Amino acid sequence: GAGGVVANIPDVTKIPYLTTVPYNPVPLDAGTAAAVNGAYADYNGGIQAALAALAGTGLFTEEEANARLISFEASATNAVVIEDESLTDLGAINPLFDGLPKIRQATAEDLIVLPASNFIGTLADPNNPLSVNGVAIPLEDKWVLLPSEQMEITDAITAYNSTISSAASAAGLAIVDANSLLDQLVNGGLNSGTFTLTSDLVTGGAFSLDGVHLTSRGYALIANEFMKA
């Protein structure tokens, strides 16, 4: 019979921790791009050989093969190379392809975590200038939220929020739609006094420097929403 107010769960895939670092932050000149492409030549050839060997089996599609080919160019916006556990394990199908890792270049659908901004471009081996993380050395799974992982998160949040809504309604509690509030921060912003808060890191005013927790102004906005509810 106690009164109160509860909040649902915002879609964490939209917070700055996961939306600030671009998937394609690697600048390369023509010479470096050519050198990196040369280093990946055997890998790309292996992927193409696997596609030819498995043609017609349905075990390895041309679409996936194309997605796994690594290619760099003289540009400031090359995509990083990442590990992707959801890719087909070619070695398990045919031992001839056991040496082909499950890697690809990132796309706009992948989310790179904020700490990766200080890791991409560093050397895995300080004595080897060719061991650049995110280029010659693929980013490990911990640095990237894959589309399949994002879907798992979305499904979990949807289920939790359904339960929260039902339980709160049954108990006569007010509800703060935190999920909707984050959507508004992402899409145009929310007015707080004379200031418009957005989800942009630093400049948006709502999120602190870790890209996860709110600023004082952001928490004030949430507190006001609780009071309104």
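Located above this text is the structure these notes cover.
The text that follows walks through the structure, step by step, so that each part is easy to find.

About the cut-offs
Residues numbered from 1 in each chain as written. Predicted model: local features only at pLDDT ≥ 70, side-chain atom pairs only at ≥ 80, totals over all residues. Heavy atoms only, no water. Helix = DSSP H or I, 4+ residues; strand = E, 2+ residues; numbered from the N terminus. Rg over C-alpha atoms; globule rule 2.2 N^0.38 Å. Buried < 20%, exposed > 50% of the residue type's maximum accessible area, 1.4 Å probe, protein only. Contact = heavy atoms within 4.5 Å. Areas by Shrake-Rupley, 256 points an atom, 1.4 Å probe, with all protein chains shown as cover. Lys, Arg positive; Asp, Glu negative; His and termini not counted. Charge placed at Lys NZ, Arg CZ, Asp CG, Glu CD. Salt bridge = Lys/Arg side-chain N within 4 Å of Asp/Glu carboxyl O. Phe/Tyr/Trp six-rings, centres within 6.5 Å; stacked < 30°, edge-to-face > 60°. Core = buried A, V, L, I, M, F, W, Y, C linked by side-chain atoms within 4.5 Å.

### A few points about the overall build of the protein
Next up, step 1: Of regular secondary structure, the protein possesses eight helices and 10 strands.
Next up, step 2: For the protein, the C-alpha radius of gyration of 22 Å lies well beyond 17 Å, the compact-globule estimate for 229 residues.
Next up, step 3: Overall, the C-alpha framework of the protein stretches about 65 × 40 × 30 Å when taken along its three principal axes.
Next up, step 4: Evaluated residue by residue, the protein yields a buried proportion of 37% over its 229 residues.
Next up, step 5: Of the contacts made within the protein by residues no fewer than 6 positions apart, 66% connect residues no fewer than 24 positions apart.
Next up, step 6: When the accessible surface of the protein is totalled, it reaches about 12200 Å², and 56% of it is carbon and sulfur.
Next up, step 7: Each charge class in the protein was averaged separately, 7 positive and 25 negative side chains, and the resulting centres sit 8 Å apart.

### Some details on the pattern of salt bridges
Next up, step 1: If you walk through the whole model with that rule in mind, you get five salt bridges.
Next up, step 2: A salt bridge links Glu64 to Arg68; the nearest nitrogen and oxygen atoms lie 2.9 Å apart. Of the two residues, Glu64 and Arg68 both sit in helix H4 (residues 62-68), four residues apart, roughly one turn of that helix. By the burial criterion, Glu64 is buried, and Arg68 matches it.
Next up, step 3: One continuous salt-bridge network, built from bridges that share partners, spans Asp84, Arg104 and Asp110.

### Quick word on the packing of aromatic side chains
Next up, step 1: Scanning the entire structure with this criterion turns up three aromatic pairs.
Next up, step 2: Ring plane angle 75 degrees and centroid distance 6.3 Å describe the contact between Tyr40 and Tyr43, whose orientation is recorded as edge-to-face.
Next up, step 3: Classification of Tyr40 as buried rests on a relative accessible area of 8%.
Next up, step 4: When the ring of Phe119 is compared with that of Trp143, the centres are 4.5 Å apart and the planes differ by 10 degrees; the resulting orientation is stacked. Note that Phe119 is positioned in the loop between strand S6 (111-112) and strand S7 (144-145) and Trp143 in the loop between S6 and S7, a separation of 24 residues in sequence.
Next up, step 5: Owing to a relative accessible area of 23%, Phe119 belongs among the partly exposed residues under this scheme.

### Quick word on the nonpolar core
Next up, step 1: Tyr40, Phe72, Val80, Leu90 and Ile120 are the most contacted members of the largest nonpolar core, which totals 35 residues.
Next up, step 2: For this core, the elements supplying multiple residues, two or more each, are strand S2 (26-28), helix H2 (30-39), helix H3 (41-53), strand S4 (81-83), S6 and S7.
Next up, step 3: Per element, the largest residue contribution to this core is three residues, and it comes from H3.
Next up, step 4: What Ile120 contacts, discounting residues up to four positions off in sequence, is Val21, Pro25, Val26, Val80, Ile112, Asn133 and Leu139.
Next up, step 5: Membership of the second largest hydrophobic core comes to 11 residues, among which are Ile15, Leu197, Phe207 and Leu221.

Just geometry here; none of it tells us what the structure is for.
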